[in-house]
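# Reading the structure
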Amino acid sequence: MKRIVLILAAMAGVAACKESGWTKQEMATIMDQGMVMYVTTVPGDSTILRTKCTEIGPKELKSEELQTLIAKMKATVTDPSQDGVGIAAPQVGISRRIIVVQRFDKEGEPFEAYVNVKIDSLKGEIVRGREGCLSIPGLRGIVPRNSIINISYTEVPSGTTIKEQIEGFTAVIFQHECDHLDGILYTDRADSLFTY
Ligand code: NI
């Protein structure tokens, strides 16, 4: 009898976990930190930085954890200790397809979150610009990027797919952050690298 109760309790535990969609470890990483999260860096955190991220499912889309994660990613990238223009979820220890990008192409240059974002097409001319990364301190590089991109992403919490064309420096940030979701770092694409 005791064994059956334990098995049922274990099954309930699995069901509860599936219900929210987040793993226990993900929930702890999101909920147990202050607003400014620990930022993963190479070489110590290379495993998560080099792992392809998984999508956000319908259950996570409506969860409190997603709202909290997005708020904390924005607080982290804008914190004076980081002062970045974009951040991807693996940089805060979450291997999911979420990025935050500063929209220099919008009034007020707001930081906005994009879930399950992907680049559908790369267009325009190739432009070489200077890039750095919060996960690679002390380094900069010259990276070729497309000047125009078409993206699609999942709207939170409706789940509607939104398509958008992005140009200029904001398009460069999207390319850099979307690369993070596939375990690619700008140093993989850079023509040249230099310390500062
Ligand atoms: Ni980066």
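Here goes a summary of the coordinates provided. (Residues numbered from 1 in each chain as written. Predicted model: local features only at pLDDT ≥ 70, side-chain atom pairs only at ≥ 80, totals over all residues. Heavy atoms only, no water.)

### Here's the deal with helix α5 (residues 64–78)
For α5, built from 15 residues, the straight-helix expectation of 21 Å at 1.5 Å per residue is met to within 8% by its first-to-last C-alpha distance of 21 Å. Every buried residue of α5 is accounted for by Glu 65, Leu 66, Thr 68, Leu 69, Ile 70, Lys 72, Met 73, Thr 76 and Val 77. Of the surrounding elements, those touching the buried residues of α5 are α2 (24–31), α4 (58–61), β1 (86–88), β2 (98–102) and β3 (111–131). (Helix = DSSP H or I, 4+ residues; strand = E, 2+ residues; numbered from the N terminus. Expected span 1.5 Å × (residues − 1). Buried < 20%, exposed > 50% of the residue type's maximum accessible area, 1.4 Å probe, protein only. Contact = heavy atoms within 4.5 Å.)

### Comments concerning the coordination of the nickel ion
Every protein donor of the nickel ion is listed here as Cys 133 (SG), His 176 (NE2) and His 180 (NE2), and their distances to the metal cover 2.1 to 2.2 Å. All donors of the nickel ion come from a single chain, and their spacing in sequence reads C-x42-H-x3-H. Taken together, the residues span a long stretch of sequence, with Cys 133 in the loop between β3 and β4 (139–154) and His 176 in helix α6 (residues 169–181) at a distance of 43 residues. For the pair Cys 133 and His 176, a shared accessibility class is recorded, and that class is buried. (Donors = N, O, S within 2.8 Å, 3.2 Å for Na, K, Ca; no water.)

### A few points about the pairing of strand β5 (residues 161–167)
Strand direction decides the pairing type here: β4 and β5, joined by 7 bridges, are antiparallel. Directly across from Tyr 153, in β5, lies its bridge partner Ile 162. (Pairing = 2+ DSSP bridges.)

### A look at the packing of aromatic side chains
As enumerated under the stated definition, the model contains 3 aromatic pairs in all. Here the aromatic rings of Tyr 114 and Tyr 153 are separated by 4.8 Å at their centres, their planes lie at 85°, and the arrangement is edge-to-face. Separated by 39 residues along the polypeptide, Tyr 114 in strand β3 and Tyr 153 in strand β4 bring together distant segments of the chain. As far as burial versus exposure is concerned, Tyr 114 and Tyr 153 are alike and both buried. Taken together, the ring pairs connect Tyr 114, Tyr 153 and Phe 174 into an aromatic cluster. (Phe/Tyr/Trp six-rings, centres within 6.5 Å; stacked < 30°, edge-to-face > 60°.)

### Some points on the pairing of β2
Burial runs high along β2: 5 of the 5 residues are buried. Both faces of β2 are covered, namely the face carrying Ile 98, Val 100 and Gln 102 and the face carrying Ile 99 and Val 101. Pairing analysis gives 3 bridges linking β1 to β2, with the strands arranged antiparallel. For Ile 87, the partnering residue across the bridge sits in β2 and is Val 100. Of the strand pairs in this sheet, β2 and β3 are connected by 5 bridges, and their pairing is antiparallel. Counted as the bridge partner of Val 101 is Glu 112 from β3.

### Things to note about the pattern of salt bridges
Going through the model one piece at a time under the given rule, you end up with 15 salt bridges. In this structure, Arg 103 and Asp 105 form a salt bridge, with 2.8 Å as the shortest nitrogen-oxygen distance. When its relative accessible area of 40% is taken as the criterion, Asp 105 is described as partly exposed. Residues Lys 106 and Glu 112 are paired through a salt bridge, measuring 2.9 Å at the closest nitrogen-oxygen approach. On the basis of relative accessibility, which here comes to 21%, the residue Glu 112 falls in the partly exposed class. (Salt bridge = Lys/Arg side-chain N within 4 Å of Asp/Glu carboxyl O.)

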